[in-house]
Number of protein chains: 4
Amino acid sequence: MNKKIPVGILGATGMVGQQYVHLLEDHPWFEVAYVAASPQSAGHTYKDALKNGWQVHGDIPKNVGSMVVEDVASIEKAVKKCTLVFSAFEMPDKDAIRTYEEEYAKAGMPVFSNASAHRHTNDVPMLIPEINAHHLAIIPAQQKKRGWKKGFIVVKPNCSLQSYLAPIVALQHGGYEISDVLVTTLQAVSGAGYPGVASLDVIDNVIPFIPGEEEKTEVEPIKILGHIKGGTFANFKGINISAQCMRVPVSDGHMACVSVKFRRQRPTIEQVRSTWINFKSEPQELKLPFAPEQPIIYRDEPNRPQPKRDRDNGKGMAVTVGRLRPCSVFDYKFVALSHNTVRGAAGGGILNAELAYKKGYLQNV
Amino acid sequence: MNKKIPVGILGATGMVGQQYVHLLEDHPWFEVAYVAASPQSAGHTYKDALKNGWQVHGDIPKNVGSMVVEDVASIEKAVKKCTLVFSAFEMPDKDAIRTYEEEYAKAGMPVFSNASAHRHTNDVPMLIPEINAHHLAIIPAQQKKRGWKKGFIVVKPNCSLQSYLAPIVALQHGGYEISDVLVTTLQAVSGAGYPGVASLDVIDNVIPFIPGEEEKTEVEPIKILGHIKGGTFANFKGINISAQCMRVPVSDGHMACVSVKFRRQRPTIEQVRSTWINFKSEPQELKLPFAPEQPIIYRDEPNRPQPKRDRDNGKGMAVTVGRLRPCSVFDYKFVALSHNTVRGAAGGGILNAELAYKKGYLQNV
Amino acid sequence: MNKKIPVGILGATGMVGQQYVHLLEDHPWFEVAYVAASPQSAGHTYKDALKNGWQVHGDIPKNVGSMVVEDVASIEKAVKKCTLVFSAFEMPDKDAIRTYEEEYAKAGMPVFSNASAHRHTNDVPMLIPEINAHHLAIIPAQQKKRGWKKGFIVVKPNCSLQSYLAPIVALQHGGYEISDVLVTTLQAVSGAGYPGVASLDVIDNVIPFIPGEEEKTEVEPIKILGHIKGGTFANFKGINISAQCMRVPVSDGHMACVSVKFRRQRPTIEQVRSTWINFKSEPQELKLPFAPEQPIIYRDEPNRPQPKRDRDNGKGMAVTVGRLRPCSVFDYKFVALSHNTVRGAAGGGILNAELAYKKGYLQNV
Amino acid sequence: MNKKIPVGILGATGMVGQQYVHLLEDHPWFEVAYVAASPQSAGHTYKDALKNGWQVHGDIPKNVGSMVVEDVASIEKAVKKCTLVFSAFEMPDKDAIRTYEEEYAKAGMPVFSNASAHRHTNDVPMLIPEINAHHLAIIPAQQKKRGWKKGFIVVKPNCSLQSYLAPIVALQHGGYEISDVLVTTLQAVSGAGYPGVASLDVIDNVIPFIPGEEEKTEVEPIKILGHIKGGTFANFKGINISAQCMRVPVSDGHMACVSVKFRRQRPTIEQVRSTWINFKSEPQELKLPFAPEQPIIYRDEPNRPQPKRDRDNGKGMAVTVGRLRPCSVFDYKFVALSHNTVRGAAGGGILNAELAYKKGYLQNV
């Protein structure tokens, strides 16, 4: 590639937007060319527009720090400046997000969204590239139905399911069908954004409730595991998932304590383990820049994975699994972990865009 | 009662021993008259013998602070000075603990133990007074078999199951039989004693492993729920329990995320809730000093129970439950919490002794 | 006293307001008869008006939970219902607070304020009862100047100086004059209210800045140490204080690392220690309910005071000091600690009111 | 350089030893060729010898993981395998450490030590390369006096002074002489090694005591600032330092709250700031691999430096300073931060070795 693909970030001043800016620094294919936020931020440099400061690691990349923030409503500027946009909106009004994403798509922009607004729109793929890369095939139908030429919308699922779903799907792919999943998640505070969770709530404490999180954790997988039928997604009916989502005093890294039941015969411990270790998928074959070499890492030590010590595995894009052992009620239990603000947010969105690019869905590149 | 019953504490300088000293200050029935520890501590005042300092709340009660620590081997002194002993041994050698407890019982001392050494001895009751007070009835058989006159051994179960077992048993008592339980515990660091868990392991982290804890959490309930048959305990066969035990950055208070399946028809949410709220048992009827007025407290707020805000409910002796909701795999899920160093350790031991006293098992009082 | 004195709380739904409600439960002299907050809260029961929930220990006292919240502007209702008010306003608009407090005083209400609005009003006493109880003597002048009959305003100082000022003043009273003080405070997150400090800012971190805090810590003592002259306060000129204020991952308890220089000869370690231990003042002599029996507690252990283990000393009203040792630059260094939401907030306000009552400043009781 | 210099690590299995292994992975000049520890560890592979596991970031470098650990007493093996050794001993017996380091030096090994045993030996340089690189000039005298040929000993100072000493020395170098320093340090738990500080001591708490730390913080700088006279070091007499050292719930990163008094006229804020920003020293001029490009980074934001966000600056080798402001007792106050296990431990030792190599003190390379 001679020249990098210019990309935009919508909601660039929020915490997820900052993660996009951070992770796209030195990206081999993409470069940030457009940052947009609310009218209040518009007109300021990116650096000055960060009212709560820079929340992510390191410093603001210099070129973005001095970029002028645009009003998200000035779509025509985005069209001139960039080839695709990442939607990192964090505002509570989902209807507004939905509309913005559609407007950008209508104007010709491929939109890769981190927001939940379009996750259940039935012609919008909800993508984890290692799991359902083939869902991108719905894009032509999406464009046709909506009269969009080059634009489209792709979303990523919630961070809470990133740790446990890949290990389950790897087993399904390996021929070991799972019928029931009980999962308790121990989630990091960064999942709530900034300022997010009050320190008085997590010092020496656990909060047993995250609004809306258990529903997302249970429902989103059945779309991801579904198939395309007549231009829309049909949910997968073959799995039951129940989730309890807890907030723990950890900055980054969502952990999941999982119990699974197989539909038919259960594999041996060694079969499960080797299925995970050998799991590779399209992002690995395509050598996408953000694809971890090994999507599922298994640690044999009895006390792993741990958020602090394993969240950065695979540059924050790998799932780390451990403690595989028999379950006296179901078949097996294990613990899985992923980085909620990398794989579970901006990193996941970037991987989606890489996949779409490599598979030829970006028409104007 | 005119005069308080003199009691002893074995392993008095450890963290559980300190909790006994703390909780027995101003006890209406009992007063500490004997503190014993290893030969190294013997001969020093209690205050000076605490090599890691006083780890529990407030100050060392003055009368105990100046008491001379005895060698645990000098059983004859205990016999002279006190009527019953609490065993708070924390040494790794379970055989040694087992032997000491038997020696004290043989010498005529009722022993109320916090240690795990005798939990699976088949004529030793493992007691949670609200659940299986009737198991004390094995004492005559225990004494007869072993040739003990007035002494006997009673143990309490592990702290990790104190939060979830009472709510389950309350439902069983209410006629709602539970067949399967999947539980993930989020346990406080005080459960590992002092110095216990390294701070580098819990700052910004969760440790997904506590040696031996999951086994105890799964196995001990089936003895507690069992019955006496021919002078020994027969385990309960009607329930399957699977546990995942996590260590979280919380000082005190074990939380359990529980999913339950009923054997037959499931009760309504309101039936479950009212069964819990109305649950009372023998300790409440006998008005034992350490019995919480309401053994199971239900909180309706969506984000409770929390360790920091609920562990002290009922002076640390109540179980607090919340978040009762349907489960898409089993029938219901809920979150339960109890104070691991009060109800789950010394407080539980004291309640056992109160029960035994009130029910007439202390022959020399 | 046959009947308790009815008191009101302004800004009752905030975190400081909740602390007042909590600490006044079972107060021997006062009882809450009036709770007021912003117009949005008015008309709801106190329980329902707490939009962030009950943040302090235990449960909402039942009688207050069901009390209807009044609009703070309806002063005439306060006049009918209560004899004095505590001002616990937390709104950013200091002018509005100043005006409200004056309106209540004008209407005949003694106002005991936790807010900073009137701290530097030159006829308003800023009180720590153990230090400057005699400053209450300005009240007649304050009333005369403003044309108030029975009402007046008394404030308490910032929480950050409560830990170090009493030990310094005790030495001054003992004849050991201090000329220079360098203090670094390690402050708990509860000092910022709720939601206050973001958890992402304090997990595995320290924040070296608290807006406005260092100024308050340096300036307020010179008024407290000052004297009344011609109906206003003249600042004390004899002491230089420099402060660095840090926010640490602690829920409650402000710690201060103090270095002091004496103006003339320095006392011995033993003289300093015994001066502190023997320090008593008017609140102790008057046996005020919230006065700690021993206002300054000295701990000899090398690793005390600690926030978690010492903040509740004297029911949260005592200052705990330790680590007194020579300083190679000044004369001595030591570490001091006080509970920032008890002594440093509501508890301090209550003690002020107790003092004013006992000394006869409440005319209509 | 064609071939890397083979280096050894003494006490390689401890936490500091692990840091050396970690930081030396991919070092451009050095490669680990010898790992030694106590007789109990000897004979096992490095990976198996880590009884508390791998405590530092990432994974054990593969080549070292499979290396066989030698007994530290088998010095002749070190002589065969490597050119210099890093001493990372953490055992409490300082005499033993002192003897080992001397034995290795006597056998011809340059020893770069992290231990405190030889810090006050009067012919051993205690080095911070940016501050006193010229102290290496004592090596010939050290060798001559002790009859050593090629071996010698160089130590690094304690981690607690790394954050505040460079900013002070930079000012001295700039012509602004400082006479008095009062410093309060807020130190991370990793400074105590593993398991080190108990989690019960730091959850929701601060410990106001670290044994021996304040003495080191006050005394070591006067040797570092001293000069060589007649083959031994003469301490610097021109500065008074007083330290209070606190342990806070932070994993890595020591923070220092500093107040300084100038001997003569004080510089302006801008002069101080620019002196820091422009400070460069020999390690920068020599382009040593571990030398941070900018040894002192100044952050203008009001709430920086912070341990979590600034400890990794300059790959953990830079000091970050902020909050420079006037002090009402001395002249200025500021906050400084450095990474205690990188700059303050293994990274500092590596930089010392790089300096000695580049300046020609390694005779057999």
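Keep in mind that this is a model prediction, so the values were computed, not measured.

**Thoughts on the overall build of chain A**
Then step 1. Within chain A, the regular secondary structure consists of 14 helices and 14 strands.
Then step 2. Taken over the C-alpha trace, chain A has a radius of gyration of 20 Å; the compact-globule value for 365 residues is 21 Å, and the two agree within 12%.
Then step 3. Considering chain A as a whole, with its 365 residues, one finds that 58% of them fall into the buried category.
Then step 4. Considering only contacts within chain A whose residues lie at least 6 apart along the sequence, 77% involve residues at least 24 apart.

**As for the nonpolar core**
Then step 1. Grouped together as the largest cluster of nonpolar side chains are 476 residues, with contacts concentrated most on Val85(A), Val85(B), Val85(C) and Val85(D).
Then step 2. The contact partners of Val85(B), leaving out residues within four places of it in the chain, are Val7(B), Gly8(B), Ile9(B), Leu10(B), Ala78(B), Tyr104(B), Met109(B) and Val111(B).

**Topic: the relation of the copies chain C and chain A**
Then step 1. Superposing chain C onto chain A takes a rotation of 180° combined with a translation of 0.0 Å along the rotation axis, leaving an RMSD of 0.0 Å. On this basis, the relationship between the two copies can be described by a two-fold rotation axis. For chain C, the smallest separation between a C-alpha atom and the rotation axis is recorded for Ser199(C), amounting to 2.0 Å.
Then step 2. Interface overlap between copies is the fraction of interface residues in one copy that are interface residues in the other; for chain C against chain A it reaches 100%, indicating a shared surface.

**Looking at the relation of the copies chain B and chain A**
Then step 1. Superposition record for chain B on chain A: RMSD 0.0 Å, screw rotation 180°, translation along axis 0.0 Å.
Then step 2. When the interface residues of chain B are mapped onto chain A, 100% of them again fall at the interface, so both copies present the same face.

**Points about the interface of chain B and chain A**
Then step 1. Taken residue by residue, the interface counts 36 residues in chain B and 36 residues in chain A.
Then step 2. Of all the secondary structure elements, the ones that give two or more residues to the side of chain B that touches chain A are strand S7 (178-187), strand S10 (240-247), strand S11 (254-262), helix H13 (307-310) and strand S14 (332-338) of chain B.
Then step 3. Looking at the side of chain B that touches chain A element by element, the count peaks at 5 residues for S10(B).
Then step 4. Here the side of chain B that touches chain A is composed, by residue class, of 20 nonpolar, 10 polar and 6 charged.

**A look at helix H5 (residues 94-106) of chain B**
All names here are of chain B.
Then step 1. Here H5 spans 18 Å end to end across 13 residues, near enough to the 18 Å set by a 1.5 Å rise per residue.
Then step 2. Those residues of H5 that fall on the buried side of the exposure criterion are Ile 97, Tyr 100, Glu 101, Tyr 104 and Ala 105. Projected onto a plane normal to the axis of H5, the buried residues spread over an arc of 135° and lie on a single side. Projecting away from the buried face of H5 at angles above 90 degrees are the exposed residues Asp 95 and Thr 99.
Then step 3. In this structure, the buried side of H5 is in contact with strand S1 (5-10), helix H4 (75-81), strand S4 (84-87), strand S5 (110-113) and strand S6 (152-155).
Then step 4. In the stretch just after H5, Gly 108 is the one whose phi turns positive, near 105°.

**A short note on the domain arrangement of chain A**
Residue and element names in this part refer to chain A.
Then step 1. The domain boundaries assigned to chain A delineate domain 1 (5-158 + 345-358) and domain 2 (159-339).
Then step 2. The gap between the C-alpha centroids of domain 1 and domain 2 is 25 Å.
Then step 3. Counting residues at the interface gives 34 residues for domain 1 and 30 residues for domain 2.
Then step 4. If you list the elements that add at least two residues to the side of domain 1 that touches domain 2, you get helix H6 (129-132), helix H7 (139-146) and helix H14 (342-358).
Then step 5. The biggest single contributor to the side of domain 1 that touches domain 2 is H14, with 8 residues.
Then step 6. Tallied by class, the residues present in the side of domain 1 that touches domain 2 amount to 16 nonpolar, 11 polar and 7 charged.

**Topic: the interface of chain C and chain A**
Then step 1. Of the residues lining the interface, 15 residues belong to chain C; the matching set on chain A comes to 15 residues.
Then step 2. Along the lines of polarity and charge, the residues of the side of chain C that touches chain A split into 9 nonpolar, 5 polar and 1 charged.

**Notes on the environment of Arg266(A)**
Then step 1. Summarising the element assignment, Arg266(A) is placed in the loop between strand S11 (254-262) and helix H11 (269-278).
Then step 2. As a C-alpha pair, Arg266(A) and Ala137(A) span 129 residues in sequence and 33 Å in three-dimensional space.

**Considerations on the sheet that holds S4(B)**
All names here are of chain B.
Then step 1. Pairing within the open sheet is parallel, and its 6 strands lie in the order S3-S2-S1-S4-S5-S6. The open sheet has two edge strands, strand S3 (70-71) and S6, and neither has a second partner.
Then step 2. As paired elements, S4 and S5 share 3 bridges and run parallel to each other. Considered in S5, the bridge of Ser 87 is made with Ser 113.
Then step 3. Relative to the sheet, helix H1 (residues 15-24) contacts S1, strand S2 (30-37) and S4, its axis offset from that of S1 by approximately 160°.

**Considering the pairing of strand S13 (residues 319-326) of chain C**
All names here are of chain C.
Then step 1. Relative to S13, strand S12 (residues 296-299) is paired through 4 bridges, and the arrangement is parallel. Among the inter-strand pairings, Ile 297 is bridged to a residue of S13, identified as Thr 320.
Then step 2. In this antiparallel pair of consecutive strands, S13 and strand S14 (residues 332-338), the connection spans 5 residues.

**Observations concerning the packing of helix H1 (residues 15-24) of chain C against helix H14 (residues 342-358) of chain C**
Residues and elements named next belong to chain C.
Then step 1. Across the interface, H1 lies against H14 with an axial gap of 8 Å and an inter-helix angle of 55°. One way to sum up the angle between H1 and H14 is to call them oblique. In this structure, the crossing between H1 and H14 has a hand that is right-handed. From H1, Val 16, Gln 19, Tyr 20, Leu 23 and Leu 24 reach across to H14, where they touch Ala 345, Ala 346, Gly 347, Gly 349 and Ile 350.
Then step 2. Grouping the amino acids of the contact of H1 with H14 by side-chain chemistry returns 7 nonpolar, 3 polar and no charged.

**Topic: helix H8 (residues 162-173) of chain D**
All names here are of chain D.
Then step 1. Between its first and last C-alpha atoms H8 spans 17 Å; for 12 residues at 1.5 Å apiece the expected length is 16 Å, and the two agree.
Then step 2. Of all 12 residues making up H8, 10 are buried, and the element is well covered by its neighbours.
Then step 3. When H8 is considered as a whole, its buried residues turn out to be Gln 162, Ser 163, Tyr 164, Leu 165, Ala 166, Pro 167, Ile 168, Val 169, Ala 170 and Leu 171.
Then step 4. Positive backbone phi, at 95°, marks Gly 175, one or two positions downstream of H8.

**So, the environment of Val319(A)**
All names here are of chain A.
Then step 1. Among the secondary structure elements, Val 319 is positioned in strand S13 (residues 319-326).
Then step 2. The exposure class assigned to Val 319 is buried, which follows from the 30 C-beta atoms found within 10 Å.
Then step 3. Separated by 17 residues in sequence, Val 319 and Ala 336 place their C-alpha atoms 6.8 Å apart.

**Let's talk about the sheet that holds S11(B)**
Residues and elements named next belong to chain B.
Then step 1. Strands sit in the order S10-S7-S11-S14-S13-S12 across an open sheet of 6 strands; the sheet is mixed. Since the sheet does not close on itself, it has two edges, and those belong to S10 and strand S12 (296-299), each with one partner. In this sheet, neighbouring strand axes are inclined to one another by 25° on average, regardless of whether the strands run parallel or antiparallel.
Then step 2. Two elements, strand S13 (residues 319-326) and S14, share 5 bridges in a ladder whose sense is antiparallel. Of the residues in S14, the one forming a bridge with Val 321 is Ala 336.

Calculation notes
- Residues numbered from 1 in each chain as written.
- Chains lettered and ligands numbered in written order.
- Predicted model: local features only at pLDDT ≥ 70, side-chain atom pairs only at ≥ 80, totals over all residues.
- Helix = DSSP H or I, 4+ residues; strand = E, 2+ residues; numbered from the N terminus.
- Rg over C-alpha atoms; globule rule 2.2 N^0.38 Å.
- Buried ≥ 20, exposed ≤ 12 C-beta atoms within 10 Å, placed from the backbone.
- Contact = placed C-beta atoms within 7 Å.
- Core = buried A, V, L, I, M, F, W, Y, C linked by C-beta atoms within 7 Å.
- Least-squares fit on C-alpha atoms with pLDDT ≥ 70 in both.
- Nonpolar A, V, L, I, M, F, W, Y, C, P; charged D, E, K, R; others polar.
- Expected span 1.5 Å × (residues − 1).
- Arc of directions from axis to C-beta.
- Domains from an automatic or database assignment.
- Pairing = 2+ DSSP bridges.
- Axes fitted to C-alpha atoms, helices over the stretch in contact; angles between N-to-C directions.
- Parallel < 35°, antiparallel > 145°, perpendicular 65-115°, else oblique.
- Left-handed = near helix turned anticlockwise from the far one by under 90°.

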